[in-house]
Amino acid sequence: MKDLKYITAYTIPLMAIIGLLLQGYFTYLTLIYAFGFIPLLELFTAASTRNDDQPQKEEKSKNKLFDWMLYFNLPIVYGILFTTLYVCHNTNLETYEIVGIILSTGIILGTNGINVGHELGHRFTKERFIGKALLLPSLYMHFYIEHNFGHHLKVATKEDPATAKYNQPVYFFWLSSTLGQYLSAWRIQLNLLKQKNQSFLSIKNDMLWYLLIQASYLSLAYILFDFQGLKIAFFSGIVGFLLLETINYIEHYGLRRNKTSSGRYERVREIHSWNSNHSLGRIILYELTRHSDHHHRASKKYQLLDHHDQSPQLPFGYPTSMVLSLLPPIWFMIMNKRVPREMKTS
């Protein structure tokens, strides 16, 4: 039964559904729950450094329940998205209610969409297509290419747009990372086409497909739900990918890999990502918070990720850390002293 703990991740979509049903100030319920109530609970819940033993890992690796708990996010995300557009199209809502709904839907697109899409995108099986479908509503399908073939190679270096610099405010990081990752995805795609002797207009140009699919999605939102639907779909997507970028920010803030005598960067190790063992964040984000082990062994499924004593530890869980990152002076005061001196770079 304890393996069912990841169902807790569905409580965030549940808050969005309640908000859509009750409307009014309840449209902000998802925001309050995810970044108010959960961070508050994290202050009173213990962090666990316990790792499963090998027999437990073998059992978990074969248990399809963990996979189905991920797959079920696909109908949840698209169900809430359709309900959001339908309600906003057929209900006379105040501006503050629409803003609340956009924020709530965007949070779902980030936590149950991009986050799960990230996990499935690391599996080079048909599961990756579910992952890409979960990236679509946040207009971030290029993340699949850049993250798998860019970020995991360049993490904790100046060449990685998804690694926040020391003393870089999160708001500046949003701009640099969003633009940098998109351009990086195109560079990777064009290089892949060149290696395969394919033209820019080749059917193998996934970046072009992503543009077409995302444009079709926004067009469909406009056709079915008018300009109001287009606006909500567009701005909810922005909220979704900014949530991802905030997570990127706290995962690698200020950490850098050294160069070896050959001029190449040292291999990615457990010390190049911030780790968090706070239970609530771990469960709700499908163990994303054990990010150090994820970068150390990117192919490991979420339920198998380990704690490493040598990994730098966040003082709080991911939800709390995300809130703190939005207050740069407080974030710097807490985190700068935790960044290893030899890694501090501008």
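Residues numbered from 1 in each chain as written. Predicted model: local features only at pLDDT ≥ 70, side-chain atom pairs only at ≥ 80, totals over all residues. Heavy atoms only, no water.

**Quick word on helix H2 (residues 29–42)**
Between the first and last C-alpha of H2 there are 18 Å, a value that for 14 residues agrees with the 20 Å anticipated at 1.5 Å per step. Turning to H2, its buried residues number three or more, namely Thr30, Tyr33, Ala34, Ile38, Pro39 and Glu42. (Helix = DSSP H or I, 4+ residues; strand = E, 2+ residues; numbered from the N terminus. Expected span 1.5 Å × (residues − 1). Buried < 20%, exposed > 50% of the residue type's maximum accessible area, 1.4 Å probe, protein only.)

**Focus: empty space enclosed by the protein**
Take a probe with the size of a water molecule and roll it over the atoms, and the empty space left behind shows itself. Considering all chains together, one arrives at six cavities of 30 Å³ or more under this definition. Space inside the largest cavity adds up to approximately 100 Å³. Lining the largest cavity are 14 residues, and of these His118, Leu244, Ile247, Glu251 and Leu288 lie nearest its centre. Residue assignment for the lining of the largest cavity shows that the elements contributing at least two residues are helix H6 (95–121), helix H8 (143–154) and helix H10 (206–252). Per element, the largest residue contribution to the lining of the largest cavity is five residues, and it comes from H10. If you add up the space inside the second largest cavity, you get close to 90 Å³. Considering the residues around the second largest cavity, the lining is formed by Ile12, Ala34, Phe35, Ile38, Thr111, Ile284, Leu285, Tyr318, Pro319 and Met322. (1 Å grid on protein atoms, 1.4 Å probe; cavity = no way out; pocket = protein on both sides within 12 Å on 5 of 7 lines; lining within 4 Å. Points joined across faces, edges and corners; volume = space filled by probe spheres on them.)

**Here we look at the UniProt feature "transmembrane region" (unreviewed entry) in the protein**
As recorded in UniProt, the sites labelled "transmembrane region" (unreviewed entry) are residues 7–25, 31–47, 68–86, 98–117, 207–225, 232–250 and 316–334. In residues 31–47, the share of helix is 71% and the share of strand is 0%. The end C-alpha atoms are 23 Å apart. Between the first and last C-alpha atoms of residues 98–117 the distance is 26 Å; the span itself is 100% helix and 0% strand. (UniProt positions renumbered as here; feature names shortened; annotations may be inferred.)

**Let's talk about helix H13 (residues 318–325)**
Summarising burial for H13: seven of the eight residues are buried, a large majority. Those residues of H13 lying buried are Tyr318, Pro319, Thr320, Ser321, Met322, Leu324 and Ser325. Buried-residue contacts for H13 involve H2, helix H9 (170–195), H10, helix H11 (279–284), helix H12 (291–296) and helix H14 (328–335). (Contact = heavy atoms within 4.5 Å.)

**Details of the packing of aromatic side chains**
All chains considered together, the criterion is met by 24 aromatic pairs. Summarising the aromatic geometry, the rings of tyrosine 249 and tryptophan 331 are spaced 5.7 Å apart at their centres and angled 45 degrees between planes, so their arrangement reads as tilted. Residue tyrosine 249 is located in helix H10, and its partner tryptophan 331 is located in helix H14; the two are separated by 82 residues in the primary sequence. Of the residues examined, tyrosine 249 reaches a relative accessible area of 0% and is grouped as buried. Since its relative accessible area comes to 2%, tryptophan 331 is described here as buried. Chaining the aromatic ring pairs together yields one cluster made of Tyr166, Phe173, Tyr249, Tyr253, Trp331 and Phe332. In this structure, lysine 132 is placed above the aromatic ring of tyrosine 144, and the distance from its NZ or CZ to the ring centre is 4.4 Å. When the ring centre of tyrosine 265 is taken as reference, the NZ or CZ atom of lysine 259 above it lies at 5.2 Å. (Phe/Tyr/Trp six-rings, centres within 6.5 Å; stacked < 30°, edge-to-face > 60°. Lys NZ or Arg CZ within 6 Å of the ring centre and 35° of its normal.)

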